[in-house]
Amino acid sequence: MEIVPETTTTQARADRYMFLTYGRFPVTLVRGKGCRVWDDEGKEYLDFVAGIAVCSLGHSSPVVCRALKEQCEKLVHVSNLYYTEPQTDLAQMLVEHSFADRVFFCNSGAEANEAAIKLARKYSMEKFGPERHMIISMCNSFHGRTMGTLSATGQSKIQVGYDPLLQGFRFVPFNDIVALDEAMDKYVCAVMLEPIQGEGGVVCPDPDYLKQVRTLCSEKGVTLIFDEVQVGMGRTGKLFAHEHFGIAPDIMTLAKALGNGFPIGAMLSTDEMGQAFGPGSHATTFGGTPLATAVSKAVLQSLLQDGWVTNAEKMGAYFKSGLNKLAEKHETIKEVRGLGLIIGVELCVPGAPVVEACRQKGFLIVCAQERVLRLVPPLIVGKEEIDLLLEALDNILDEMETKRG
Ligand SMILES: *Cc1c(COP(=O)(O)O)cnc(C)c1O
């Protein structure tokens, strides 16, 4: 066997030539199919991360491959100075399947949220004057890493070092309607929140919370923004998470699963809000290219027609009931929560050793916050794959609990 000097491995070269912004697992992935990925040593993994709630149709989805291939042979990119059909089709589909009347396309979740912040500010400025510009968001939220969305994110651990952050954001605890009411003074133009907090540890809203938020916002003429970047596009068992709660926002942002891995984001709003964005008010070079939107259109069509949203609901219920059985047996599990196929398993101990043990057994999972295992598999996942992970988790927790005594 040839001995390869260490500096020529992919991992060593990455750590030599790239910024060390990611705490990475020592795995180099080379190939994926459905719910499975393979590393460069041929080891197979069942993927319960799915690119962090991105690859909903799984890896190398034939739907995505076909759309990519067909569109790239026609037209990849022109400027938003011109109309293109895939972009128009996708916008129409999103409008027809949501509360919204208008769509702006961009490239990522952070950019979608930037657009939402700008639209809410501009709308409020034109309607109520410049004094009303404050945006309330939630403690433990996550809205992105640009200066604007970082300023809107309620987690000091990722803001540290980047002062001065942008002004005009204020934070209240999630699920605390009294705190929100108290924070809603005459300077507030918008409330921005994730219907289910993803990065914050898969935190679900209390039964009436989102309805109460909607009522408060409507009473005060304050814009309600839902960041559905992680929970949208069918993950919760409905196309958009807020549909579970019988209410709709004024603005919604999407990204992660929108292109199944092909980068695309979107900001959607009502017609009333949309009037504040006229020609020249906002723009992007790459947002909504024919290629990105053709892929996304195929993804949305498949989600709707092939039953994957329903599968997310069914498999989510199956997964959660299995995890709840594990919770009865293992004192390490504190709580199982989530909706559809975004599931958080809160542990009484740090989650990293469980994540590592899973990886060694051939399962990819991640933490959201230190003690919550976040399970966000492709929406095409089946009972067999879920059973395999449940069995592995059962064994891992057994071993850990025996060791702890
Ligand atoms: C991932 C995420 C974002 C940021 O998306 P990027 O594409 O990484 O910019 C924003 N909001 C939520 C809720 C997210 O989960």
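Please refer to the structure placed before this passage.
### As for the nonpolar core
Part 1 of the argument: Of all hydrophobic cores here, the largest spans 59 residues; its most connected members are Phe48, Leu94, Leu254, Phe319, Leu323, Val354 and Leu389.
Part 2 of the argument: What Leu94 contacts, discounting residues up to four positions off in sequence, is Val103, Phe105, Phe240, Leu254, Leu258, Leu268 and Leu300.
Part 3 of the argument: Formed by 22 residues, the second largest nonpolar core is a distinct cluster that contains Val172, Phe174, Leu180 and Leu210.

### Details of a nonpolar patch on the surface
Part 1 of the argument: Taken together, the side chains of Met147, Tyr162 and Leu166 define a hydrophobic patch exposed on the protein surface, amounting to about 290 Å² of accessible area.
Part 2 of the argument: Take Leu166: it is sitting in the loop between α7 (156-159) and β6 (169-172).

### Topic: unusual backbone geometry
Part 1 of the argument: Cis geometry marks the peptide bond from Asp163 to Pro164, where omega comes out at -5 degrees.
Part 2 of the argument: Within the chain, Ala50 stands out as a residue other than glycine whose phi angle is a positive 50 degrees.
Part 3 of the argument: By secondary structure assignment, the location of Ala50 is in helix α2 (residues 50-53).
Part 4 of the argument: You can call Ala50 buried: its relative accessible area is 0%.
Part 5 of the argument: With a phi angle near 60 degrees, Ala53 is a residue other than glycine that sits in the positive phi range.
Part 6 of the argument: Among the structural elements, Ala53 can be located in helix α2.

### Quick notes on the site of the ligand
Part 1 of the argument: Around the ligand sit Ser108, Gly109, Ala110, Asn113, Phe142, His143, Gly144, Glu194, Asp227, Val229, Gln230 and Lys256, and that is every residue in its neighbourhood.
Part 2 of the argument: Gly109 is positioned with one of its backbone polar atoms (N or O) 2.8 Å from an oxygen atom of the ligand.
Part 3 of the argument: Per element, the largest residue contribution to the shell around the ligand is 3 residues, and it comes from helix α5 (residues 109-128).

Parameters and conventions
Within any chain, residue numbers begin from 1 and follow the written order of that chain's sequence. Only residues with pLDDT of at least 70 get local features here, since the model is predicted, and only at 80 or more are side-chain atom pairs given and counted; chain-wide, interface and lining totals rely on the full set of residues. Derived side-chain values reflect all non-hydrogen atoms in the structure, with water molecules and hydrogen atoms excluded from consideration. Think of a nonpolar core as a cluster: buried Ala, Val, Leu, Ile, Met, Phe, Trp, Tyr and Cys residues, connected wherever their side-chain atoms sit within 4.5 Å. When a residue's accessible area, from a 1.4 Å probe over protein chains only, is under 20% of the maximum for its type it is buried; when over 50% it is exposed; and in between it is partly exposed. The contact definition used throughout considers only heavy atoms, calling two residues in contact when any of these lie within 4.5 Å. Like-charged residues within 9 Å of one another, or nonpolar side chains (Val, Leu, Ile, Met, Phe, Trp, Tyr) within 5 Å, are grouped into patches, provided each residue has over 30% relative accessible area and no salt bridge. Residue exposure ignores everything except the shown protein chains as possible cover, and the areas themselves are Shrake-Rupley values with a 1.4 Å probe. For this analysis, a salt bridge means a side-chain nitrogen from Lys or Arg found within 4 Å of a carboxyl oxygen belonging to Asp or Glu. In DSSP terms, a helix is any run of H or I states spanning at least four residues, a strand is any run of E spanning at least two, and both are numbered starting from the N terminus. Note on terminology: near, applied to a residue and a molecule or strand, indicates that one of the residue's heavy atoms is within 4 Å of it. We call two N or O atoms a polar contact when they sit within 3.5 Å, provided that within protein one can donate a hydrogen and the other can accept it, with sequence-adjacent residues counted only if both atoms are side-chain atoms.

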